[in-house]
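One letter stands for each residue in the lines below.
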Amino acid sequence: MRRSSTFARQVLLVRVGRRGDDLTPTEHRYADRQRRRYGLDRLSRPTLGVDPTLGLDRADIDAVVPVSPAMPPMAQADEAHSIPLLPGERTIARRMKFALVNACTLASLMLGMLAIFLAMQGEVRIAALCLIACVGFDGLDGALARRLGVASPFGAQMDSLADMCSFGLAAPVVVYASLAGSVSTAAAAVACALVAACAAIRLARFNVSPKDGRFFCGVPTTMAAAVLAVTVAIGLPVPGAVLVAGVALLAFAMVSSFPYAKLARLVKLPPWLWLAPVIGALVDIRLTFALIVVGYLVSGPVLWLRQRRTA
């Protein structure tokens, strides 16, 4: 028994000697045994790669930070620079112009909120007129930004968010309030939800897509909201089912890939082409409006087929 215990001690001493240079003193071994017994070693485990016999404190171990040669050094947080909302010269005059442009964008947003409140109270036509005013302010802020030379990425994002609130949310709410009682609630809700979803997709795609100076890719959100607002304002005399189908068709037209001419190209049309809508509006404004909307929606697939044939 003595020989076996002596041999076991020699084996243990050889293994410990291979792992470290010196043996741990007896008092340290008993201290470690007590720490392991009460679970204290888990609270003060040394960091990997640090020899526990070196006598380092916990603060010294925490100060050792591993450095990987494959990772570049991280930049300090205090070195971050703020991006100005208005690029270029930052004078008082340019700031006032910048504030005026964004005030128009916020006016469009506030009018959209007002349209929602009015639609909830049953004032549907007044809400539709507020949406038409939203369309006016939406076109005004872009024109002023280009004219005054204060166009910026911040203004573009503000305009997109305001369009989503005014045309992607307020317009479906007004249409839903106008369809109450004429069609089933489920059908009206589905059609208006399609308008909101397609408006979000349309705006997001517009923000990340290259811009074309001649055509829109799909019906613009502003124009779709204008069509819905005018339809509610003039009280188009068509059955409710036809209105629901038209709202759904307009929603899908926003996310389609059909090219639609921009307003700048429509203005350059021959004057005699504008004479027919003016005369038609004097005779029957509702019928004339319906024909103009249908003609514009059909123009997209026609241009698409024409481009495919010529390609």
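In this text, all values refer to a predicted model and were calculated from it rather than measured experimentally.

Parameters and conventions
- Residues numbered from 1 in each chain as written.
- Predicted model: local features only at pLDDT ≥ 70, side-chain atom pairs only at ≥ 80, totals over all residues.
- Heavy atoms only, no water.
- Helix = DSSP H or I, 4+ residues; strand = E, 2+ residues; numbered from the N terminus.
- Buried < 20%, exposed > 50% of the residue type's maximum accessible area, 1.4 Å probe, protein only.
- Contact = heavy atoms within 4.5 Å.
- Expected span 1.5 Å × (residues − 1).
- Bend = angle between axes of the 7 residues up to and from the residue.
- UniProt positions renumbered as here; feature names shortened; annotations may be inferred.
- Core = buried A, V, L, I, M, F, W, Y, C linked by side-chain atoms within 4.5 Å.
- Domains from an automatic or database assignment.
- Axes fitted to C-alpha atoms, helices over the stretch in contact; angles between N-to-C directions.
- Parallel < 35°, antiparallel > 145°, perpendicular 65-115°, else oblique.
- Left-handed = near helix turned anticlockwise from the far one by under 90°.
- Nonpolar A, V, L, I, M, F, W, Y, C, P; charged D, E, K, R; others polar.
- Patch = residues over 30% accessible without salt bridge, like charges linked within 9 Å, V, L, I, M, F, W, Y side chains within 5 Å.
- Areas by Shrake-Rupley, 256 points an atom, 1.4 Å probe, with all protein chains shown as cover.
- Salt bridge = Lys/Arg side-chain N within 4 Å of Asp/Glu carboxyl O.
- Phe/Tyr/Trp six-rings, centres within 6.5 Å; stacked < 30°, edge-to-face > 60°.
- Lys NZ or Arg CZ within 6 Å of the ring centre and 35° of its normal.

**Focus: the environment of alanine 127**
Logical step 1: Mapped onto the secondary structure, alanine 127 falls in helix H5 (residues 124-148).
Logical step 2: By relative accessible area, alanine 127 is classed as buried at 0%.
Logical step 3: Counting along the chain gives 13 residues from alanine 127 to leucine 114, while the straight-line C-alpha distance between them is 7.3 Å.
Logical step 4: Each residue touching alanine 127, except ones within four places of it in the same chain, is listed here: Ala115, Leu118, Ala119 and Val174.

**Thoughts on helix H6 (residues 153-179)**
Logical step 1: A rise of 1.5 Å per residue sets the reference length of H6, with its 27 residues, at 39 Å; its end C-alpha atoms lie 38 Å apart and thus fit the reference within 8%.
Logical step 2: At alanine 170, H6 is deflected by roughly 30°, the largest bend along its length, and proline proline 172 occurs up to four residues later in sequence.
Logical step 3: One or two residues past the end of H6 sits glycine 181, with phi positive at roughly 95°.

**So, the UniProt feature "transmembrane region" (unreviewed entry) in the protein**
Logical step 1: On the UniProt side, "transmembrane region" (unreviewed entry) is annotated at positions that read residues 98-120, 215-236, 242-261 and 273-298 here.
Logical step 2: This span, residues 273-298, is 96% helix and 0% strand, and a straight line between its end C-alpha atoms measures 17 Å.

**Looking at the side chain of arginine 202**
Logical step 1: In this fold, arginine 202 is placed in helix H7 (residues 185-208).
Logical step 2: Discounting chain neighbours no more than four positions away, the residues touching arginine 202 are Phe216, Cys217, Gly218, Val219, Pro220, Thr221, Met254 and Val255.

**Some remarks on the nonpolar core**
Logical step 1: Residues Leu131, Val174, Val175, Val219, Leu228, Met254 and Leu297 are the most contacted members of the largest nonpolar core, which totals 45 residues.
Logical step 2: Elements with a contribution of two residues or more to this core: helix H4 (92-120), H5, H6, H7, helix H8 (221-234), helix H9 (240-254) and helix H12 (285-310).
Logical step 3: With eight residues, the top contributor of residues to this core is H8.
Logical step 4: Per-domain counts for this core show at least three residues from each of domain 1 (92-257) and domain 2 (259-310).
Logical step 5: Those residues in contact with leucine 131 that sit more than four places away from it in its chain are Ala115, Ser166, Phe167, Ala170, Ala171, Val174 and Ala229.
Logical step 6: Membership of the second largest hydrophobic core comes to five residues, among which are Leu86, Phe98, Val101 and Ala145.

**Notes on the packing of H8 against H9**
Helix packing for two helices is described by the angle between their axes and how far apart those axes are.
Logical step 1: Following both chains from N to C, one finds H8 and H9 inclined at 170°, their axes separated by 10 Å at the closest point. Classified by the angle their axes make, H8 and H9 are roughly antiparallel. The way H8 lies across H9 gives a crossing that is right-handed. Residue-level contacts link Thr221, Ala224, Val227, Leu228 and Thr231 of H8 to Leu243, Val247, Leu250 and Met254 of H9.
Logical step 2: Of the residues assigned to the contact of H8 with H9, the class counts are seven nonpolar, two polar and no charged.

**Considering a nonpolar patch on the surface**
Logical step 1: Among the surface-exposed residues, Met110, Met113, Leu114, Phe117 and Met120 lie close enough to one another that they form a single nonpolar patch of about 510 Å² accessible area.
Logical step 2: On the secondary structure map, methionine 110 appears in helix H4.

**What to know about the packing of aromatic side chains**
Logical step 1: This structure, assessed with the given rule, holds three aromatic pairs.
Logical step 2: Look at phenylalanine 98 and phenylalanine 154: their rings are 6.0 Å apart centre to centre, the planes differ by 40°, and that puts the pair in the tilted class. Of this pair, phenylalanine 98 sits in helix H4 while phenylalanine 154 sits in helix H6; the two residues are 56 residues apart in sequence, bridging distant segments of the chain.
Logical step 3: Looking at phenylalanine 98, the relative accessible area reads 12%, which means it is buried.
Logical step 4: In this structure phenylalanine 154 comes out as partly exposed when scored by relative accessible area, which is 31%.
Logical step 5: Across the ring face of phenylalanine 216, the terminal group of lysine 262 is positioned such that the distance to the ring centre comes to 5.1 Å.

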